[in-house]
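# What the coordinates show
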Amino acid sequence: MNTKYIDIQAVEQTFKTKKGLFPALRDINLSVAKGEFVALIGHSGCGKSTLLNLIAGLTTPTSGVLLCAEKEIAGPGPERAVVFQNHSLLPWLTCYENIYLAVERVFGRTETRIQLKVRTDAALELVGLKQAAQKRPGEISGGMKQRVGIARALSMEPKVLLMDEPFGALDALTRAKLQDELLEIVAKTHATVVMVTHDVDEAVLLSDKIVMMTNGPAATIGEVLSVELPRPRNRVALADDAQYQHYRKAVIDFLYTRQGHVEKAA
Amino acid sequence: MVAAVFHLPLETTGTSAAPVITQAPQPMSHTAPASTAEPAPAQKKQARDLRGFWMAVLPPVMGLALLVLVWQAIASTSNSGIPKPAETWAQAVTVFSDPFYSNGPNDQGIGWNILSSLKRVAIGFGLAALVGIPAGFAIGRSVFLSRMFNPLISLLRPVSPLAWLPIGLLVFKGANPAAIWTIFICSIWPMIINTAVGVQRVPQDYMNVARVLNLSEWKIFSKILFPAVLPYLLTGVRLAVGTAWLVIVAAEMLTGGVGIGFWVWDEWNNLNVSSIIIAIFVIGIVGLLLEFALIKLASLFTYEEVKA
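Residues numbered from 1 in each chain as written. Chains lettered and ligands numbered in written order. Predicted model: local features only at pLDDT ≥ 70, side-chain atom pairs only at ≥ 80, totals over all residues.

### Comments concerning the overall build of chain B
Selection criterion: Helix and strand definitions here come from DSSP, where helices need a minimum of 4 consecutive H or I residues and strands a minimum of 2 consecutive E residues; each element is numbered from the N-terminal end. Partly exposed residues are those whose C-beta has more than 12 but fewer than 20 other C-beta atoms within 10 Å; with 20 or more the residue is buried, with 12 or fewer it is exposed, and the C-beta atoms are placed from the backbone. Our contact criterion uses C-beta atoms placed from the backbone: two residues qualify when those atoms are within 7 Å.
When you go through chain B residue by residue, the secondary structure sums to twelve helices and zero strands. Taken from the N to the C terminus, the helices and strands of chain B come in the order α-α-α-α-α-α-α-α-α-α-α-α. Here chain B holds 308 residues, and 29% of them are scored as buried. Long-range pairs, those at least 24 residues apart, make up 69% of the contacts in chain B between residues at least 6 apart in sequence.

### Comments concerning the overall build of chain A
For clarity, the cut-off: Atoms counted for the radius of gyration: C-alpha only. Globule rule: 2.2 Å times the number of residues to the power 0.38.
Looking only at helices and strands, one finds nine helices and ten strands in chain A. Over its C-alpha atoms chain A spans a radius of gyration of 19 Å, differing by no more than 12% from the 18 Å that the globule rule assigns to 266 residues. Taken along its principal axes, the extent of the C-alpha atoms in chain A is 55 × 45 × 40 Å. Buried residues in chain A amount to 44% of all 266 residues. Counting only contacts in chain A whose residues sit at least 6 apart along the sequence, the fraction spanning at least 24 positions is 71%.

### Observations regarding the interface of chain B and chain A
Let me state the cut-off plainly: When residues are grouped by polarity, Ala, Val, Leu, Ile, Met, Phe, Trp, Tyr, Cys and Pro land in nonpolar, Asp, Glu, Lys and Arg in charged, and all others, Gly among them, in polar.
Contacts between the two partners involve 17 residues from chain B and, on the opposite side, 23 residues from chain A. Of all elements in the fold, only α9 (204-213) and α10 (217-255) of chain B reach the threshold of two or more residues within the side of chain B that touches chain A. No other element matches α9 of chain B, which puts seven residues into the side of chain B that touches chain A. Residues of the side of chain B that touches chain A, tallied by class, amount to ten nonpolar, two polar and five charged.

### Brief notes about the sheet that holds strand β8 (residues 192-197) of chain A
Residue and element names in this part refer to chain A. How we decide: Strands are treated as partners if at least two bridges between them are detected by DSSP. Inter-axis angles, ranging from 0 to 180 degrees, are taken between N-to-C directions of lines fitted to C-alpha atoms, where helices are fitted over the stretch in contact.
Pairing is mixed in the open sheet, where six strands are placed in the order β6-β7-β8-β3-β9-β10. Among the strands making up the open sheet, the edge pair consists of β6 (80-83) and β10 (221-226). If you compare each strand with its neighbour and ignore which way they point, the axes differ by 15 degrees on average. In the sheet, strand β3 (residues 37-41) pairs with strand β9 (residues 209-213) via four bridges, with the strands oriented parallel. Directly across from Leu 40, in β9, lies its bridge partner Val 211.

### Examining the packing of helix α2 (residues 95-107) of chain A against helix α4 (residues 142-155) of chain A
Residue and element names in this part refer to chain A. Definition in use: We call two directions roughly parallel when the angle between them is under 35 degrees, roughly antiparallel when it is over 145, roughly perpendicular when it lies between 65 and 115, and oblique otherwise. In this scheme, a crossing is called left-handed if the near helix is turned counterclockwise away from the far one by less than a right angle; it is called right-handed if the turn is clockwise.
Following both chains from N to C, one finds α2 and α4 inclined at 25 degrees, their axes separated by 8 Å at the closest point. Here α2 lies roughly parallel to α4, going by the angle between them. Where α2 crosses over α4, the two elements pack in a sense that is right-handed. Taking contact as the criterion, the partners of Cys 95, Asn 98, Ile 99, Ala 102 and Val 103 in α2 are, on α4, Val 148, Ala 151, Arg 152 and Ser 155.

### With respect to the nonpolar core
Just so we agree on the cut-off: As used here, a nonpolar core is made of buried Ala, Val, Leu, Ile, Met, Phe, Trp, Tyr and Cys residues. They are joined through C-beta atoms within 7 Å.
Counting residues in hydrophobic clusters, the biggest one holds 134 residues, and the most contacted among them are Ile 55, Ile 99, Leu 162, Val 194 and Val 251 of chain A together with Ile 183 and Ala 244 of chain B. The element best represented in this core is α10 of chain B, accounting for 16 residues. Once you skip the residues sitting within four places of it in the chain, Ile 99 of chain A turns out to touch Thr 120, Ala 123, Leu 124, Val 148, Ala 151, Arg 152 and Ser 155 of chain A.

### Section: the confidence of the model for chain A
Put simply, the test is: pLDDT is a residue-level measure of predictor confidence that goes from 0 to 100.
Looking at chain A as a whole, the pLDDT averages 87, with 97% of positions reaching at least 70. When mean pLDDT is taken per element in chain A, β3 of chain A scores highest with 93 and helix α9 (residues 260-265) of chain A scores lowest with 52.

### Details of the pairing of strand β4 (residues 63-68) of chain A
All names here are of chain A. Two strands pair when backbone bridges link them, and strand β1 (residues 6-17) and β4 are joined in this way by five bridges, in the antiparallel orientation. If you follow Ile 6 over to β4, its bridge partner there is Cys 68. Looking at chain direction, β4 and strand β5 (residues 71-72) are connected through two bridges and run antiparallel. If you follow Cys 68 over to β5, its bridge partner there is Lys 71. Counting the residues that bridge the hairpin from β4 to β5 gives two residues, and of these Ala 69 lies at a positive phi of roughly 50 degrees.

### Focus: helix α12 (residues 273-300) of chain B
All names here are of chain B. What counts is decided by this rule: To estimate the expected span of a helix, count its residues, drop one, and scale the result by 1.5 Å.
Here α12 is 28 residues long and its end C-alpha atoms lie 41 Å apart, about the 40 Å a rise of 1.5 Å per residue gives. Along α12, the positions that sit buried rather than exposed are Ser 274, Ser 275, Ile 277, Ile 278, Ala 279 and Val 282. Those residues of α12 that are buried lie in contact with α4 (85-97), α5 (110-141) and α11 (260-269).

### A short note on the confidence of the model for chain B
All names here are of chain B. Here chain B averages 80 in pLDDT, while 83% of its residues score no lower than 70. Of the regions scoring below 50 in pLDDT, residues 1-38 engages in 28 contacts with residues more than four places distant in sequence or in other chains. With a pTM of 0.72, the predicted complex shows an ipTM of 0.81.

### Topic: α2 of chain A
Along its 13 residues, α2 of chain A runs 18 Å from first to last C-alpha, staying within 8% of the 18 Å computed at 1.5 Å per residue. Cys 95, Tyr 96, Asn 98, Ile 99, Tyr 100, Leu 101, Ala 102, Val 103 and Val 106 of chain A are the residues of α2 of chain A that are buried. Close packing links the buried residues of α2 of chain A with α3 (113-126) and α4 of chain A together with α9 and α10 of chain B.

### Observations regarding the sheet that holds β5 of chain A
In space, the four strands of this open sheet follow the order β2-β1-β4-β5 (chain A), with antiparallel pairing throughout. Sheet topology places β2 (20-32) and β5 of chain A at the edges, where each strand pairs with a single neighbour.

### What about the domain arrangement of chain A?
Residues and elements named next belong to chain A. The condition that has to hold: Delimitation of the domains relies on an automatic or database domain assignment.
What the domain assignment reports for chain A is domain 1 (6-79 + 159-265) and domain 2 (89-157). The interface is formed by eleven residues belonging to domain 1 together with twelve residues belonging to domain 2. For the side of domain 1 that touches domain 2, the element with the highest residue contribution is helix α5 (residues 172-189), accounting for five residues. Residue composition of the side of domain 1 that touches domain 2, grouped by class: eight nonpolar, two polar and one charged.

### A few points about the environment of Arg 136 of chain A
All names here are of chain A. Along the chain, the position of Arg 136 falls in the loop between α3 and α4. Taking C-alpha positions, Arg 136 is 5.9 Å from Cys 95, a pair spaced 41 residues apart along the chain. With near-sequence residues (within four places) excluded, Arg 136 lies in contact with Pro 91 and Thr 94.

Here you go:
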């Protein structure tokens, strides 16, 4: 097993703002194994999304190196699919066409049209949205849009799935349902996932490793917690599982006891 | 808008809804006292619908009536020579009874005049779209081009289109191309500016999707940039057509030939004032129709902005 599938070495990110240089991230060292599910958690403004954008290649670090499959991440690419916080579906395309755009880009050169169609249908099927294929994003609910966004990312068969608070804008019930779906999909596809979240339960339920970040500016990784709960995980069974509560407590302790005071000062 | 909302219930209550209301109380005998009270809400509803109908129809009709009244008052009190509405109407009937006659280049029916004006607008405007829309995309996409052309656009845009007419006459040595040139120059600016603004306002999220998918330039243009810019572009087109239609009348007055602007000037030289008033209405109505058609077109391509 490749334990350093994504390898982040001494990464630092500084933004130029009107008030001068803003140090967002410093001294980030992290490795993600193939097939591992990693959650990035921290208070808002701590640079979780900045780190995710760096892995996606949407931005380049001020200093340091990011490697994926032993190659330097030089820019964004379909092998590192992103599920955006606000789903970012194109409103003038139907759900089917939104996914087909991605499928065509990745497999268009090697596969026939029929195969591309099968892939698109399969992706819609995976998130249970076959009936909404011909609808435009404006005609479906927020949860459905987010599912199309996930289907689009998965349809590319990415090496890494990057998710930026994918369920942040959803209500609690929809969120729970999509988390369960994501657990199933990840179990099926053995995807490597990096997910930004601010939800402690979500992090413990879904991930193998929780990366807890200190408060910004100049945020860094405060602690890494390995979640060794057996899979498949069931949210109802875990609710009064002692080990689950232990992990949950550890994350809450980090966020509110050790990192809480900076939040108050800000 | 208001008319459409209130109109429909009015039509249904008249035919299908009314019998249902009278039948409803019959099966339940103990609600007999209620049956007398039952029609009241229906009547109230009908009354409200009627009110809505009148609110939609009455104000515009009164507005038009006021215009005719003021016109009549001015025409009958002063010696200004302005014809009365009735005389103008009679003249309009004769003008429109044979809109497509042709007695040589200087005496043609109003239909030909309108059509040749529209043709000039179409050519000038079409050329402006061919140049302006791609230019708008280029300026919107590139910071360098944007900084390069913004001062030029700012300088040239406020210039009255008619100031360009002599340049057109000089360069093209003809009245017709000069008029088309004037339309071209006045309708190009709104299209360049609106397209460029549209491109600059394409949400970064969509461009991030393009970057993650690593789409080709053509796919970015056809699947993201063009659909996202289309509403802005069509606003530009609408402004451009409006300006072009304003300008063509003035340009034709100066250049002559066949056209609604020339017709106005010709009728003035004949001291045929009622024809001029007819022309004013015709120009207004054609402009209104152009605007309406483009608004309809724009609404077909405006997608509901999706927010998380």
